[in-house]
Amino acid sequence: SATKTVLLVYAHQSAGSFNAAVKTAAVDELKKQGCRVLVSDLYEVKFKATATEDDITGAVKNPEHFCYGNETMLAWQEARLASDIVDEHKKLKEADLVIFQFPMYWFSVPAIMKGWMDRVLTLGFAYTLEKRYSEGIFRDKKAMLSFTTGSHETMFSSNGINGDMNVTLWPIQNGVLNYCGFQVLAPQIFWAPTHLSPEAPAGPLGGRRPPPSNEAPLAFPPADIFDKGKG
Ligand code: FMN
């Protein structure tokens, strides 16, 4: 079969972090598996997080009432989008699998990664009203969240103080990724990694599962989420 391309969208400020170690381990492992690996190191390139008129070269259609979605769709059609967005579009088009590697911030992705989602998943390019969810533009691609937390696993259970992790991840996994058609793989979660050493004998992945290959995607809504506590 053809070489698989994996895009790693990575957000951590420090090369000495656990996230950096996981990223490096993932790149090594994926290359060993024969994958082509593309990395978007968002802090490294100081990726712009805000969705603004600056994302469009030339005149906007309606400067009195600037509508980011409509204006960027037009700019995409006319090849007038900012070059950093165009670069990410190119990588995304080539990717069979997109892995988001990040520390959880406020039950979500860090702002710089949310900015990647806001700006790169352009209307027309990543979704339209006709092409979403099971008809989504990226339905032949897979996506996976891989992240670290400050919390322990029990705190993110349905009766833990934070509530169920599946519910926490719903906006990103369903509202962003599944919306664009991605087959969403089960997340890889590194609970409270400050208590783990990246140099542990098992390696940075700490004996956890290697990057996915032929895993089945999650169902939306995940069949078991709302069944808990029934009966
Ligand atoms: N940890 C959680 O478990 N849930 C959170 O909602 C959460 N929000 C955070 C928000 C901010 C702004 C910061 C700085 C940290 C937050 N944390 C949260 C803790 C980080 O997820 C944790 O420090 C990080 O995953 C550790 O990985 P690292 O050592 O690679 O930085």
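Refer to the structure presented above.
The model shown is predicted, which means the values in this text are computed figures rather than measured ones.

Some points on the pattern of salt bridges
Then, in step 1: All told, the structure shown has nine salt bridges when counted by the stated rule.
Then, in step 2: In this structure, Glu 29 and Lys 32 form a salt bridge, with 3.9 Å as the shortest nitrogen-oxygen distance. Placement of both Glu 29 and Lys 32 in helix α1 (residues 18–32) is noted, with a separation of three residues, approximately one turn of the helix.
Then, in step 3: Residues Glu 94 and Lys 90 are paired through a salt bridge, measuring 3.6 Å at the closest nitrogen-oxygen approach. Of the two residues, Glu 94 and Lys 90 both sit in helix α3 (residues 83–94), four residues apart, roughly one turn of that helix.

A word on the packing of aromatic side chains
Then, in step 1: Throughout the structure, instances matching the rule amount to eleven aromatic pairs.
Then, in step 2: With centroids separated by 6.4 Å and ring planes inclined at 70 degrees, the aromatic side chains of Trp 76 and Phe 125 adopt a geometry described as edge-to-face. On the criterion of sequence distance, the pair formed by Trp 76 in helix α2 (residues 68–77) and Phe 125 in the loop between α4 (111–120) and β4 (142–148) is long-range, its members being 49 residues apart.
Then, in step 3: For Trp 76, a relative accessible area of 32% corresponds to the partly exposed category.
Then, in step 4: Ring pairs connect the aromatic residues Trp 76, Phe 125, Phe 138 and Phe 182, which therefore count as one cluster.
Then, in step 5: Over the ring of Tyr 10 we find Lys 23; its NZ or CZ atom is 4.9 Å from the centre of that ring.

Parameters and conventions
- Residues numbered from 1 in each chain as written.
- Predicted model: local features only at pLDDT ≥ 70, side-chain atom pairs only at ≥ 80, totals over all residues.
- Heavy atoms only, no water.
- Salt bridge = Lys/Arg side-chain N within 4 Å of Asp/Glu carboxyl O.
- Helix = DSSP H or I, 4+ residues; strand = E, 2+ residues; numbered from the N terminus.
- Phe/Tyr/Trp six-rings, centres within 6.5 Å; stacked < 30°, edge-to-face > 60°.
- Buried < 20%, exposed > 50% of the residue type's maximum accessible area, 1.4 Å probe, protein only.
- Lys NZ or Arg CZ within 6 Å of the ring centre and 35° of its normal.

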